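# Remarks on the overall topology
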Amino acid sequence: MRNREALRHDWTKEELLAIYNKPILELVYEAASVHRIWHKADEIQLSTLLSVKTGGCPEDCSYCGQAARYHTDINVQALLPTETVLAHAKKAKENGSSRFCMAAAWREVRDNRDFDRIIDMVKGVNELGLEVCCTLGMLTEHQAKRLQEAGLYAYNHNMDTSAEYYEQIISTRQFDNRLNTIHNVRKAGITVCSGGIIGLGESTTDRISMLLTLANMDIHPESVPINALARVKGTPLENNPKVGIWEMVRMIATTRIAMPGSMVRLSAGRLEMTETEQAWCFLAGANSIFTSDRETLLVTPNPCITKDIQMLQNLGLKPMKK
Ligand code: SF4
């Protein structure tokens, strides 16, 4: 049954753990079956993510090369001019993207001229006919409303990891701050994009706990990015082991089963996956990727659009229309 009433918001940790730990073929079969009820299985949403302000962030997210306190090779970049951003958005649309996300490495949005410029960018990208998304850090209710009035379709604010493991990864803000911003976004009538990262040193229970937070929200996030840690030199997690493909497949399949109506985005970590491994993720229910002609995902390497279009053709998949 494909309707809102069929969505569950009362999952238990035990249920999601049991799903995550199923034999892999059974798990993928179940997730693929759910996926086919809720989505067109031959369509993949192409999204483009552009860093509009890079580096120099005061937060201490241990996985992030943009935190000012870590010595990484990231080039700090002030807020890009609006025309530059709109030129990127136009190119993304020509390349088949239906969604354009703008990211600024800020702890929170301030009511200043930079925010006014972001508002102009949102208006401009919206006028191009793209789904427009932003990730700018913490937002107040009033700021969320301004973004909504400018035409913002989605706001990304990842949970990152479980509430229990959160302070091991970030000490400059709390898990509840994240929930508060998501609440403000919802209240303003903007759709929510929220997921997490695996490979931070968390346990399986932490992964499930994070999914539980998302899956038991009153409304599931419309899009759920699942990231494998991109190990950035100079960050505290640079030497973490690479995330294995079956861990990624399990995480995606469990997300698909718990939140069947959401877009599940196979996000960071694709560059280290083969085409076959990515195909497993699509079979397990992922139906969105980030791509661009810049070969980067914010500040880490990512496959380029040409390679991605070739992969979709090889797999008999097609870009989703807006
Ligand atoms: S993840 Fe975002 S908030 Fe955290 S350090 Fe990086 S840019 Fe700042």
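Residues numbered from 1 in each chain as written. Predicted model: local features only at pLDDT ≥ 70, side-chain atom pairs only at ≥ 80, totals over all residues.

Okay, the overall build of the protein next. Helix and strand content of the protein: 11 helices and 12 strands. Relative to the globule expectation of 20 Å for 322 residues, the C-alpha radius of gyration of the protein, 18 Å, shows essentially globular dimensions. The C-alpha extent of the protein, read off along each of the three principal axes, is 50 × 40 × 40 Å. Within the protein, residue pairs in contact and separated by at least 24 positions form 79% of the contacts whose partners lie at least 6 positions apart. (Helix = DSSP H or I, 4+ residues; strand = E, 2+ residues; numbered from the N terminus. Rg over C-alpha atoms; globule rule 2.2 N^0.38 Å. Contact = placed C-beta atoms within 7 Å.)

Our next topic: the site of the ligand. In the vicinity of the ligand, the contacting residues are Cys57, Glu59, Cys61, Cys64, Gln66, Ala67, Ala105 and Gly137. Of the residues that constitute the shell around the ligand, the class distribution is 5 nonpolar, 2 polar and 1 charged. (Near = placed C-beta within 6 Å. Nonpolar A, V, L, I, M, F, W, Y, C, P; charged D, E, K, R; others polar.)

Below, the discussion takes up the UniProt feature "binding site: [4Fe-4S] cluster" (unreviewed entry) in the protein. UniProt's entry tags Cys57, Cys61 and Cys64 with the feature "binding site: [4Fe-4S] cluster" (unreviewed entry), counted in the numbering of this structure. Here Cys57 lies in the loop between strand S1 (43–53) and helix H3 (82–94). For Cys57, a count of 23 C-beta atoms within 10 Å corresponds to the buried category. Tracing the chain through its elements places Cys61 in the loop between S1 and H3. With sequence-adjacent residues up to four places away left out, Cys61 is seen in contact with Ala67, Ile169 and Ile170. (UniProt positions renumbered as here; feature names shortened; annotations may be inferred. Buried ≥ 20, exposed ≤ 12 C-beta atoms within 10 Å, placed from the backbone.)

Moving on, we get to the UniProt feature "domain: Radical SAM core" (unreviewed entry) in the protein. The UniProt record marks residues 42–267 with the feature "domain: Radical SAM core" (unreviewed entry), using the residue numbering of this structure. Helix makes up 36% of residues 42–267 and strand 18%, whereas the separation of the span's terminal C-alpha atoms amounts to 18 Å.

Attention now moves to helix H7 (residues 175–187). Relative to the 18 Å expected for 13 residues at 1.5 Å per residue, H7 spans 19 Å between its end C-alpha atoms, a close match to the ideal helical length. All of the buried residues along H7 are Arg178, Thr181, Ile182, Asn184 and Val185. Viewed end-on, H7 has its buried residues packed into an arc of 160°, placing them on one side of the element. Exposed side of H7, more than 90 degrees from the buried face: Asp176 and Lys187 are the residues found there. Positioned one or two residues after H7, Gly189 has a phi angle of 85°, which is positive. (Expected span 1.5 Å × (residues − 1). Arc of directions from axis to C-beta.)

Turning to the pairing of strand S7 (residues 223–228), a few remarks are in order. Looking along a regular strand, one sees side chains alternate from face to face of the sheet. S7 sits mainly inside the fold: 6 of its 6 residues count as buried. Burial along S7 is two-sided: the residues Ser223, Pro225 and Asn227 and Val224, Ile226 and Ala228 are all buried. Across 3 bridges, the pairing between strand S6 (residues 196–198) and S7 is parallel. Bridging across to S7, Ile197 finds its partner in Asn227. Considered for its hand, the β-α-β crossover made up of S6, helix H8 (residues 204–215) and S7 is right-handed. With helix H9 (residues 245–258) bridging S7 and its parallel neighbour strand S8 (residues 263–266), the resulting β-α-β unit is right-handed. (Pairing = 2+ DSSP bridges. Right-handed = clockwise from strand over helix to strand, strands pointing away.)

Moving on to the environment of Gly244. If you trace the backbone, Gly244 turns up in the loop between S7 and H9. In this structure Gly244 comes out as partly exposed when scored by C-beta crowding, with 13 C-beta atoms within 10 Å. For the pair Gly244 and Arg207, spaced 37 residues apart in sequence, the C-alpha separation works out to 14 Å.

Another point: the packing of helix H1 (residues 13–20) against H9. It is the contact of H1 with H9, at a shortest axis distance of 9 Å, that shows an interaxial angle of 130°. With respect to each other, H1 and H9 are oriented oblique. Here H1 runs over H9; the crossing is right-handed. Counted together, Leu16, Ile19 and Tyr20 of H1 and Arg250, Thr254, Ile257 and Ala258 of H9 form the full contact between these two elements. Residues belonging to the contact of H1 with H9 are distributed by class as follows: 5 nonpolar, 1 polar and 1 charged. (Axes fitted to C-alpha atoms, helices over the stretch in contact; angles between N-to-C directions. Parallel < 35°, antiparallel > 145°, perpendicular 65-115°, else oblique. Left-handed = near helix turned anticlockwise from the far one by under 90°.)

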